[in-house]
Amino acid sequence: MENIEKFGKLMPIEGTEFMVHPQISKSGGISLRDYDNIIPSAVKNIMAKLSKNLIKGKVSDIKHTPAPAYLHQSFSHLGLMRNDFTFG
């Protein structure tokens, strides 16, 4: 996992001692940036698979088109929770 300070300086919440993520948006939520252009690449990959199936006449296979593996996080669910289960 990456250090949160890589994304900028943590911002204080007014009137509290708490800090928020540097990329938080004013309207709520976190603005996730795709620095490596993974999403456009994944959409092109999926569209290529869909068009290939349509050309071959495999219309029923459209809903079974998988997302590219590189789109998913490399950590398992347990790996993402490991910090919550550490004591020290």
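A quick note: this is a predicted structure, and the numbers were derived from the prediction, not measured.

Parameters and conventions
Residues numbered from 1 in each chain as written. Predicted model: local features only at pLDDT ≥ 70, side-chain atom pairs only at ≥ 80, totals over all residues. Heavy atoms only, no water. Helix = DSSP H or I, 4+ residues; strand = E, 2+ residues; numbered from the N terminus. Rg over C-alpha atoms; globule rule 2.2 N^0.38 Å. Buried < 20%, exposed > 50% of the residue type's maximum accessible area, 1.4 Å probe, protein only. Contact = heavy atoms within 4.5 Å. Patch = residues over 30% accessible without salt bridge, like charges linked within 9 Å, V, L, I, M, F, W, Y side chains within 5 Å. Areas by Shrake-Rupley, 256 points an atom, 1.4 Å probe, with all protein chains shown as cover. Salt bridge = Lys/Arg side-chain N within 4 Å of Asp/Glu carboxyl O. Expected span 1.5 Å × (residues − 1). Arc of directions from axis to C-beta.

A. How the structure looks around the overall build of the chain. On a plain count of helices and strands, the chain comes out with two helices and two strands. Ordering the α and β elements of the chain from the N terminus gives β-β-α-α. Taking 88 residues into account, the globule formula puts the C-alpha radius of gyration at 12 Å, and the chain, at 20 Å, lies well above it. Across the 88 residues that make up the chain, the buried fraction comes to 10%. Considering only intrachain contacts with a sequence separation of at least 6, the fraction spanning at least 24 residues in the chain is 21%.

B. Here's a closer look at the side chain of Asn-53. Examined against the element boundaries, Asn-53 turns out to sit in helix 1 (residues 38–56). Its relative accessible area of 17% is what places Asn-53 among the buried residues. In this structure Asn-53 touches Lys-58, Asp-61 and Thr-65, once residues within four positions along its chain are discounted.

C. Focus on a nonpolar patch on the surface. Together, Ile-39, Val-43, Met-47, Tyr-70 and Leu-71 make up a nonpolar patch on the protein surface, roughly 450 Å² of accessible area in all. You can see Leu-71 is positioned in the loop between helix 1 and helix 2 (77–81).

D. A look at unusual backbone geometry. Despite not being glycine, Asn-37 has its phi angle at roughly 55 degrees, a positive value. Among the structural elements, Asn-37 can be located in the loop between strand 2 (19–20) and helix 1.

E. Fine view of helix 1. End to end, helix 1 covers 27 Å across 19 residues, agreeing with the expected 27 Å (1.5 Å per residue, within 8%). Buried within helix 1 are the following residues: Ala-42, Leu-50 and Asn-53. Along the axis of helix 1, the buried positions cluster into a sector of 65 degrees, meaning they face one direction only. Facing away from the buried side of helix 1 by more than 90 degrees, the exposed set consists of Lys-44, Lys-52 and Ile-55. Positioned one or two residues after helix 1, Gly-57 has a phi angle of 85 degrees, which is positive.

The values reported here are purely geometric and, on their own, carry no functional implication.
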